[in-house]
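Chain residues, written in single-letter form:
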Amino acid sequence: EYVLLRTTGKVDLHEYILFDNSYEENHKPSNIHRHMFWFPKIEIEAGWVICLYTREGTNLPRKDKNIYNLYWNSKSPIWNDDNDTAHLIKTLLVD
């Protein structure tokens with residue numbers, strides 16, 4: 001499993017969180033956020049692709065292809081085959 005994101009400008013990934021939620025039987029979104037991934041402190045240039053794998057691995061850039069492979073390091077799948085929604089939010093970091 002993986003999620004692909006493409007940057008449209010220079011970005012510090014640490015400002016972002018990706019999380020999922022599912023839907024209830026009545027097809028309304030649930031308020032349960034079961035899995036959350038806070039991106040590591042990495043600055044990415046515009047036009048790069050972030051490939052976030054849910055499996056275990058080591059975060060590595062592939063500079064020849066402008067891809068940054070990141071790993072959630074989950075031991076089990078995150079995304080169901082039905083009714084999951086991904087949310088990407090930008091956080092406000094305060095020192």
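Residue numbering note: each chain is counted from 1, following its sequence as written. In keeping with the model being predicted, local features are shown solely for residues with a pLDDT of at least 70 and side-chain atom pairs are shown and tallied solely at 80 or more, while totals for entire chains, interfaces and linings include all residues. Based on all heavy atoms of the structure, the side-chain values leave hydrogens and waters out of the count.

Student: Any chance you could break down the packing of aromatic side chains for me, citing the residues and the numbers?
Tutor: Two rings from Phe, Tyr or Trp (for Trp, the six-membered ring) form a pair when their centres are within 6.5 Å of each other. A pair whose planes differ by under 30 degrees is stacked, one over 60 is edge-to-face, and the rest are tilted. Considering all chains together, one arrives at 5 aromatic pairs under this definition. On the numbers, 4.9 Å between centres and 90 degrees between planes, the contact of Phe37 with Phe39 is edge-to-face. Type-normalised accessible area, obtained with a 1.4 Å probe on protein chains alone, sets the label of each residue: buried when under 20%, exposed when over 50%, and partly exposed for intermediate values. Accessibility expressed as a relative area gives 8% for Phe37, which makes it buried. Ring centres 5.2 Å apart and planes at 15 degrees place the aromatic pair Tyr53 and Tyr71 in the stacked group. In this pair, Tyr53 is assigned in strand 6 (residues 49–53) and Tyr71 in strand 8 (residues 67–71), connecting sequence segments 18 residues apart. For Tyr71, a relative accessible area of 12% puts it in the buried group. By the criteria applied, helices consist of DSSP H or I runs no shorter than four residues and strands consist of E runs no shorter than two, each listed in order from the N terminus.

Student: Summarise the environment of Leu60; cite the residues concerned and give the values.
Tutor: Note on placement: Leu60 falls in strand 7 (residues 60–62). Sequence separation between Leu60 and Leu70 is 10 residues; the distance between their C-alpha atoms is 6.7 Å. In what follows, residue pairs with any heavy atoms lying within 4.5 Å of each other are defined as contacts. In this structure Leu60 touches Ile67, Tyr68 and Asn69, once residues within four positions along its chain are discounted.

Student: Describe the pairing of strand 3 (residues 16–23), naming the residues involved and giving the relevant values.
Tutor: Within strand 3, 7 of the 8 residues are buried, which leaves it mostly tucked inside the rest of the structure. Here 7 bridges tie strand 3 to strand 9 (residues 84–90), and the two strands are oriented antiparallel to one another. Paired with Asn21 across the two strands is Thr85, which belongs to strand 9. Here, strands pair whenever DSSP counts at least two bridges between them.

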